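# Coordinate inspection notes
Okay, here's what each chain looks like letter by letter:
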Amino acid sequence: MRNLCFILCALGLAANAAAQMLINGAGATFPYPIYSKWFDDYAKIDPSVRFNYQSIGSGGGQKQILAQTVAFGASDGPMSDENLAKAPGKLLHIPTVAGADVLTYNLPGNPKLKLDGPTIVDIFLGKITRWNDQRLADQNPGVKLPDLDMVVVHRSDGSGTTYIWVDYLSSVSQEWETKVGRGTSVNWPTGLGGKGNEGVAGQIKQLPGAVGYVELIYAKQNKLPYANVQNAAGNYITPSVESVTEALSTAKIPDDFRFSMVNSAGEKAYPIAGCTWLLVYEQQKDAEKGKKLVEFLNWAINQGEGMTAALDYAPLPDNVKQRVLERIKTIKY
């Protein structure tokens, strides 16, 4: 009898698994913590569908949605006109949340540092190479900076976290914009590469004197310190949900939702902030999956946004949410 129960239970589980629709997505590591929460919570709302998301970087997400190997891509950098032109159909940018890139480091005692944009640019250009450089000392009076080599760590994969970072560096430095520029991957003037936000955080934890950039939650999860950065108004701002919300509230958002929010004009705006997008075809190839994807997107914008602050992301402002919901209505299946 016990064996019969076991067989029936196994058959029941197999039937449920077979009935469950799998929707694949891939891309940005920046929003991975919030997307994971959304997908887990949504499985309780609609057990008939399961989302499988591969956190491979924004560059990978853009490539896979262009190749139509996933139902949705994810990117922290908006797709270029050139990339959009390669798509076999109209691709929509669905903004979801905003977050902060932070400058993080490994120093004795892990002091709280303050840095302006030109100093950060020169660190990543390889012009500032030691932690006791006078420019750092001038901005951090009273902080004991060690006589230690800097080890710059950057992303090795195509990354929206990188896009936000170099978008900011380009916005504050003509030299950076000319020599290195913007993109999900760039030719770095100096430093070591790490794969994903996880890889960069891991390198920084292991290497004394290391400095790099990760999304805010990865710094918090790894107990890494992060700097306050001078914004366009001249104030040194701590990265937080509030300071990213301030940056998002002053961003100019066009009809196609492709926009930058770095170096925002807000008095309390954190300057190295960016939005992240889900990339979805307006015309869905698979009607059933398209319907389920639209249902999820509506839930994410209506209910999921309420979960963002706990994971250090800024939700979309109400007026932007309404615009995004209208855009979701244009998806056909």
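For the structure itself, consult the block above.
This is a predicted model, so every value here is computed, not measured. (Residues numbered from 1 in each chain as written. Predicted model: local features only at pLDDT ≥ 70, side-chain atom pairs only at ≥ 80, totals over all residues. Heavy atoms only, no water.)

## Describing the overall build of the protein
Of the regular secondary structure elements, the protein holds 13 helices and 12 strands. When the backbone C-alpha atoms are referred to their principal axes, the protein occupies close to 75 × 50 × 30 Å. When the 333 residues of the protein are sorted by exposure, 54% land in the buried category. Within the protein, counting contacts between residues at least 6 apart in sequence, those at least 24 apart form 73% of the total. If you average the places of the 32 positive and of the 32 negative side-chain charges in the protein, the two averages end up 4 Å apart. (Helix = DSSP H or I, 4+ residues; strand = E, 2+ residues; numbered from the N terminus. Buried < 20%, exposed > 50% of the residue type's maximum accessible area, 1.4 Å probe, protein only. Contact = heavy atoms within 4.5 Å. Lys, Arg positive; Asp, Glu negative; His and termini not counted. Charge placed at Lys NZ, Arg CZ, Asp CG, Glu CD.)

## Observations concerning the pairing of strand 6 (residues 151-155)
Sheet faces and side chains relate simply in a regular strand, where the side chains alternate between the two faces. Across the 5 residues that make up strand 6, a large majority, 4, are buried. The pairing of strand 6 with strand 8 (residues 210-215) spans 3 bridges and is parallel. Following the sheet pairing, Val153 is matched in strand 8 by Gly212. The pairing of strand 6 with strand 7 (residues 192-194) spans 3 bridges and is parallel. When the sheet's bridge partners are listed, Val153 is paired in strand 7 with Leu192. (Pairing = 2+ DSSP bridges.)

## Section: the side chain of Thr119
Examined against the element boundaries, Thr119 turns out to sit in helix 5 (residues 117-125). Of note is the side chain of Thr119, whose polar atom sits 2.5 Å from the side chain of Asp116. Within the structure, the side chain of Thr119 is placed 2.8 Å from the side chain of Gln139, a separation counted as a polar contact. Other than its neighbours up to four places away in sequence, Thr119 contacts Ile128, Arg135, Leu136 and Gln139. (Polar contact = N/O pair within 3.5 Å; in protein donor to acceptor, adjacent residues only side chain to side chain.)

## Notes on the sheet that holds strand 10 (residues 236-237)
Adjacent strands of a sheet pair through backbone hydrogen bonds, lying either parallel or antiparallel. Taken in spatial order, the 3 strands make up an open sheet running 5-9-10, and their pairing is mixed. At either margin of the open sheet sits one strand with a lone partner, and together these are strand 5 (114-115) and strand 10. When strand 5 meets strand 9 (residues 228-230), the two strands line up parallel, connected through 2 bridges. Considered in strand 9, the bridge of Lys114 is made with Asn228.

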